[in-house]
Amino acid sequence: MGAKKVAVLGAGSWGTALAIVLADNGHDVMIWARRHSQAKEMNEHKTNEQYLSDAFLPENIQVTTNVSEAIVECEAVIISVPTSGIREMTRQLLKADVKIPLIVHATKGIEPNTLFRVSEMMKEEGINEVSDDIVVLSGPSHAEEVAQRQPTTVTVSSQIMDAAKRSQNLFMNTRFRVYTSQDMVGVELGGALKNVMALGVGLAEGLGYGDNARAAIMTRGIAEMTRLGTKLGADPLTFAGLSGLGDLIVTCTSKYSRNWRAGYQLGRETPLDQVLEEMGMVVEGVKTTQAVSQMAKREGVEVPITSAIYDVLFNGQSPVQAGRLLMDRDPKKETEHLQ
Ligand SMILES: NC(=O)C1=CN([C@@H]2O[C@H](COP(=O)(O)OP(=O)(O)OC[C@H]3O[C@@H](n4cnc5c(N)ncnc54)[C@H](OP(=O)(O)O)[C@@H]3O)[C@@H](O)[C@H]2O)C=CC1
Ligand SMILES: O=C(CO)COP(=O)(O)O
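Remember, predicted model here, so these are calculated numbers, not experimental data. (Residues numbered from 1 in each chain as written. Chains lettered and ligands numbered in written order. Predicted model: local features only at pLDDT ≥ 70, side-chain atom pairs only at ≥ 80, totals over all residues.)

**Quick look at the site of ligand 2**
This is how the line gets drawn: By definition, a residue lies near a molecule or strand provided its backbone-derived C-beta atom is within 6 Å of it. Think of it this way: any DSSP run of H or I at least four residues long counts as a helix, any run of E at least two long counts as a strand, and we number them from the N terminus. Here the term charged refers only to Asp, Glu, Lys and Arg, the term nonpolar to Ala, Val, Leu, Ile, Met, Phe, Trp, Tyr, Cys and Pro, and the term polar to all other amino acids, Gly among them. The domain limits used here are those given by an automatic or database domain assignment.
Around ligand 2 lies a shell of 14 residues, among which Ser141, Thr251, Ser257, Arg258 and Asn259 are the nearest. Looking at the shell around ligand 2, the elements that each hand over two or more residues are α8 (184-206), α10 (242-253) and α11 (258-267). Among the elements that take part in the shell around ligand 2, α10 stands out by supplying three residues, more than any other. Looking at the shell around ligand 2, its residues break down into four nonpolar, six polar and four charged. Built from parts of two domains, the shell around ligand 2 gets at least three residues from each of domain 1 (5-182) and domain 2 (193-338).

**Observations regarding helix α14 (residues 304-314)**
Condition: Remark: C-beta atoms are placed from the backbone, and a residue is labelled buried if 20 or more other C-beta atoms sit within 10 Å of its own, exposed if 12 or fewer do, or partly exposed between those counts.
Across the eleven residues of α14, eight count as buried, placing the element largely inside the fold. Taken as a whole, α14 has its buried residues at Ile305, Thr306, Ser307, Ala308, Ile309, Tyr310, Val312 and Leu313. Looking one or two places after α14, you find Gly316, whose phi comes out positive at around 70°.

**A short note on the site of ligand 1**
For ligand 1, the set of nearby residues contains 27 residues, the closest of which are Gly12, Trp14, Gly85, Ala143 and Met281. Counting residues per element, the ones that place at least two in the shell around ligand 1 are α1 (13-24) and α4 (86-96). With three residues, α1 is the largest single contributor of residues to the shell around ligand 1. Here the shell around ligand 1 is built from residues that sort into ten nonpolar, twelve polar and five charged. Counting contributing residues, the shell around ligand 1 receives three or more from each of domain 1 (5-182) and domain 2 (193-338).

**Some points on the UniProt feature "domain: Glycerol-3-phosphate dehydrogenase NAD-dependent N-terminal" (unreviewed entry) in the protein**
Rules: UniProt positions are given in the numbering used here, feature names are shortened, and annotations may be inferred rather than shown by experiment.
With numbering matched to this structure, UniProt assigns "domain: Glycerol-3-phosphate dehydrogenase NAD-dependent N-terminal" (unreviewed entry) to residues 5-162. For residues 5-162, the end-to-end C-alpha separation is 19 Å, with 34% helix and 20% strand making up the annotated structure.

**Some thoughts on the sheet that holds strand β8 (residues 176-181)**
The condition that has to hold: Think of it this way: DSSP has to see at least two bridges between two strands before they count as a pair. The convention used is that axes are lines fitted to C-alpha atoms, helices contributing only their stretch in contact, and that angles between N-to-C directions extend from 0 to 180 degrees. By the convention adopted here, residues make contact when the C-beta atoms placed from their backbones lie within 7 Å.
Taken together, eight strands build an open sheet; the order of strands is β3-β2-β1-β4-β5-β6-β7-β8 and the sheet is mixed. A single partner strand is all that each edge strand has here, and the edge strands are β3 (61-64) and β8. Averaged over all pairs of adjacent strands, the angle between their axes in this sheet comes to 25°, without regard to strand direction. The pairing of strand β6 (residues 134-138) with strand β7 (residues 152-157) spans three bridges and is classified as antiparallel. Following the sheet pairing, Ser138 is matched in β7 by Thr155. In the packing of α1 onto the sheet, the strands contacted are β1 (5-9), β2 (28-32), β3, β4 (76-79) and β8, and the crossing angle to β2 comes to about 170°. In this fold helix α7 (residues 161-171) packs onto β4, β5 (103-105), β6, β7 and β8, with an angle of close to 180° to the strand it touches most, β8.

**Considering the nonpolar core**
Condition: Remark: nonpolar core denotes a set of buried Ala, Val, Leu, Ile, Met, Phe, Trp, Tyr and Cys residues whose joining runs through C-beta atoms within 7 Å.
Ala7, Val8, Leu9, Ile31, Ile78 and Val135 are the most contacted members of the largest nonpolar core, which has 106 residues in total. A domain split of this core shows at least three residues from each of domain 1 (5-182) and domain 2 (193-338). Setting aside its immediate chain neighbours within four residues, Val8 contacts Gly15, Leu18, Ala19, Val29, Ile31, Trp32, Ile78 and Ser80.

Quick look at the structure:
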């Protein structure tokens, strides 16, 4: 595989980890950071102290705060900013007015109110003016482990199979295995919805509940994700894959998960504002809980776990009471969501 110039827009934990994968594959990587101080520190010290302090950046990673410089003559642009930054990032990309052969986003969220997936937000902003080849990369992949070159598997999905295959070639190595999929709706939804369930598992564990409760939320959680996702046009099988069950497992059980840690603190009765401030990194599940609640209402789909988490986050419900109400729901047949 020949060396390519690749831009990574977003200098947080995930952008930095993905840049390391690409640099390991021999590509010349230009990370775009939005703050000069961070770009300077990363270029001079070859580390990202704020977001991924244990990782060392290979020599073929450079950092700039200039989007045009980052993307000029690029074979691919990777977008790894939080969902709340996607529209602004897309606008900056369009301003540079350069055709881009491949755009891969690695962001996991749904926008409240519009209820758009990330690729839909990008399309609404006009991303197709610079590229038709839009791909999502998702799966069980904490940045900290990826940066340590721990074995990791992800899925890349696009409506254009050739674009998914080119992304697979770009990222794949012996430590980072990449599968393709054509179910972009399912892959984007899986990555976003599992964050809500990780908040729920964290909440339960913060309350002192044990392994049974964790397994219950994860299992009924994937049922809920599948029920809503299928209604929105996703392939139900996608939720059994890396971007569904795989990411649900890692996010609900890993010490690295910001969503799990946020849920845990909420379960210990720390106020939401304080939890988010102390985290210092994005907790996508909070806004996604709001979006999923709105989406479920629009689609007429029951999402009891999401609704319980929504009440804790936004309606002042106590986590104990939310858990009790979940357990007291009408009796159900287990596989109702599959019929
Ligand atoms: N961390 C992980 O292990 C994984 C994360 N993801 C997903 O990747 C996405 C990015 O997360 P992650 O890197 O972890 O987040 P972090 O909180 O680690 O970093 C966020 C980065 O995005 C920048 N940023 C924040 N808001 C904006 C904005 N409006 N415009 C441009 N840049 C912005 C921040 O810049 P600044 O420092 O200047 O604020 C920072 O560089 C999320 O959707 C997350 O769910 C997916 C897989 C794994
Ligand atoms: O998506 C992730 C791992 O696959 C990261 O999850 P957190 O944002 O909860 O850390």
